[in-house]
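Chain residues, written in single-letter form:
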Amino acid sequence: MSHDEKPHKKKELADVIYEKRYPIIAAVVLAVLVVLGVGIYNHMKTKKAEKAAFLYSQGIKAYNQAERANSTKAESYLKEAVKYFDEAEKMDAGKMSVLAQLMKGRVLMDMGKKEEGIKEIKEGLSHLKDKSLFKNPFVCTTEDAKLLADRLSRNTPFLEAYLRYTYALALMKEGKSEKAKSVLKELIGKFPNSPFTLDAKKLMEVAE
């Protein structure tokens, strides 16, 4: 194997690991978002807020259907989810509308509209308090190294393993493998039983 071939193959392996992270991440994050969304729904008092919560739940339903559908139908379900989340956002119903905007951004990213999706997520994040439980999962969704580093610096433990793992991935995409390895070592040492630790160990092999 030539000197030029080795980095290329490592990059391909990194891409495979990066893609395979989605089943774990999607399951963890979606479960969190559903639970938190239900919590907000249970505190709704006004008709406007209830309507926003209903639209949000329909968006989540469409998003779940997209996860299980084939590629052709998935696109249709994702568009439907965006429509529901957009309507919920426009209801201007406090946290539920902010959550809807954040989910709209996530779905847009899944549709390949990364810049548009990140813009929506960043705007939604600006409406949340720093200690909000919604912040970490959605900062991870942006895969923005600067935002991820900022969240870690704020010592926000909620989904910290997920935050560290996604930060390492973002660093690797930027070619900062040494820094990524440092983050992965911290993740493995601090969260030995996390579902992200196994993938972190595999990623360490790629970063070597």
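Scroll up to find the structure.
Residues numbered from 1 in each chain as written. Predicted model: local features only at pLDDT ≥ 70, side-chain atom pairs only at ≥ 80, totals over all residues. Heavy atoms only, no water.

Q: What should I look at first to understand the pattern of salt bridges in this one?
A: Where charged atoms from two side chains of opposite charge come close, those side chains can pair. Going through the model one piece at a time under the given rule, you end up with 14 salt bridges. Measuring nitrogen to oxygen at the nearest pair gives 3.6 Å for the salt bridge that ties Lys104 to Glu120. Taken together, the positions of Lys104 in helix H5 (residues 95-110) and Glu120 in helix H6 (residues 114-125) put the pair 16 residues apart, joining distant regions of the chain. Accessibility expressed as a relative area gives 7% for Lys104, which makes it buried. With a relative accessible area of 16%, Glu120 lands in the buried category. Among the ionic pairs, Glu178 bridges to Lys181, the shortest N-O distance being 3.0 Å. Here the residue Glu178 and the residue Lys181 both occupy positions in helix H10 (residues 177-190), the gap between them amounting to three residues, near one helical turn. For Lys181, a relative accessible area of 12% corresponds to the buried category. (Salt bridge = Lys/Arg side-chain N within 4 Å of Asp/Glu carboxyl O. Helix = DSSP H or I, 4+ residues; strand = E, 2+ residues; numbered from the N terminus. Buried < 20%, exposed > 50% of the residue type's maximum accessible area, 1.4 Å probe, protein only.)

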